[in-house]
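Structural overview
Letter by letter, the chains look like this.
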Amino acid sequence: MLFTIPSIEMPNVDLEGIMRRLLETGKRTQQLWLTADSMAFVARGREYRSEFHVNPSYEIQYSLRGELKLHYRTEEGVEKIAVVPEGSCLFQPPFVPHSPRFAPDAFQLVIERARKPGEIDRFFWFCPQCDSFLHEENYAVDDYRADPVTQAYRNFYDSEEFRTCKKCGTVMPAPASL
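Right, let's walk through the structure included here.

So, how was this worked out
- Residues numbered from 1 in each chain as written.
- Predicted model: local features only at pLDDT ≥ 70, side-chain atom pairs only at ≥ 80, totals over all residues.
- Heavy atoms only, no water.
- Helix = DSSP H or I, 4+ residues; strand = E, 2+ residues; numbered from the N terminus.
- Rg over C-alpha atoms; globule rule 2.2 N^0.38 Å.
- Buried < 20%, exposed > 50% of the residue type's maximum accessible area, 1.4 Å probe, protein only.
- Contact = heavy atoms within 4.5 Å.
- Areas by Shrake-Rupley, 256 points an atom, 1.4 Å probe, with all protein chains shown as cover.
- Lys, Arg positive; Asp, Glu negative; His and termini not counted.
- Charge placed at Lys NZ, Arg CZ, Asp CG, Glu CD.
- Polar contact = N/O pair within 3.5 Å; in protein donor to acceptor, adjacent residues only side chain to side chain.

**Some remarks on the overall build of the protein chain**
The helix and strand tally for the protein chain stands at 3 helices and 11 strands. Going residue by residue from the N terminus, the α and β elements of the protein chain occur as α-β-β-β-β-β-β-β-β-β-β-β-α-α. On C-alpha atoms alone, the protein chain measures out to a radius of gyration of 17 Å, which is about the 16 Å that the 2.2 N^0.38 rule sets for 178 residues. Projected onto the principal axes, the alpha-carbon positions of the protein chain cover approximately 70 × 35 × 25 Å. Put simply, the protein chain has 178 residues, and 46% of those count as buried. For the protein chain, restricting intrachain contacts to residue pairs at least 6 apart in sequence, the fraction spanning at least 24 positions comes to 63%. With an accessible surface of roughly 10,000 Å², the protein chain has 54% of that area assigned to carbon and sulfur atoms. Measuring between centres, the 21 positive side-chain charges of the protein chain sit 2 Å from its 26 negative side-chain charges.

**What to know about the side chain of D121**
When you line up the elements, D121 lands in strand β10 (residues 121-126). Here D121 falls in the buried class, since its relative accessible area comes to 0%. Side-chain polar atoms of D121 contact the side chain of H53, separated by 2.6 Å. In terms of polar contacts, D121 uses its side chain to reach the side chain of R115, at 2.8 Å. The contact partners of D121, leaving out residues within four places of it in the chain, are H53, V54, N55, P56, R115, E137, N138, Y139 and V141.

**Digging into helix α1 (residues 15-25)**
For α1, the full list of buried residues reads G17, I18, M19 and L22. If you follow the buried residues of α1, they end up packed against β1 (29-34), β2 (38-44), β4 (59-65) and β9 (107-113). Once α1 ends, the next one or two residues include G26, with phi positive near 80°.

**Considering unusual backbone geometry**
Its identity is not glycine, yet F95 carries a phi of approximately 65°, on the positive side. Following the sequence through the fold, F95 ends up in the loop between β7 (89-92) and β8 (98-101). The class of F95 is exposed, set by a relative accessible area of 55%. Backbone geometry places D131, a non-glycine residue, at a positive phi of 70°. Tracing the chain through its elements places D131 in the loop between β10 and β11 (133-139). Judged by relative accessible area, D131 falls into the partly exposed class, the value being 37%.

What is shown is where atoms sit, not what they do.
Written as structure tokens, this is what we have:
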């Protein structure tokens, strides 16, 4: 034999079943796989997102159902929006501050490079009134089943100090649910 075949499972993922299960349970994500090289998950509804996530990996985001509005910040700090209609795919380079936002009944398939040991994901919030920096949370994202986004949100929204703008005094309101 010219090469060694690795011993690995090749999951056949029922995306319709996963979307149905996420709607029925109210959960927001389901990890599909995590290997040394890649991870994938299905995400439901990110209408509540307000932070910008910066991670060391590329992201491939495919709109399974509904439309994604990917808010992102340029090198100059200007916020822009990339629209990804249902059935379309977006490639996002590493280290782009981004905030995926989509309806509660919309779904995204996300594929990323698995994090290397010691890599950190960062979450930033900005004042909704004057766009000044509010707060940053940092996490090692080695398993999406731990739901680091929800943990970052809890830390931020549970603190009025974190949500209060030092420049203009605006207090960012907490979402009804995460």
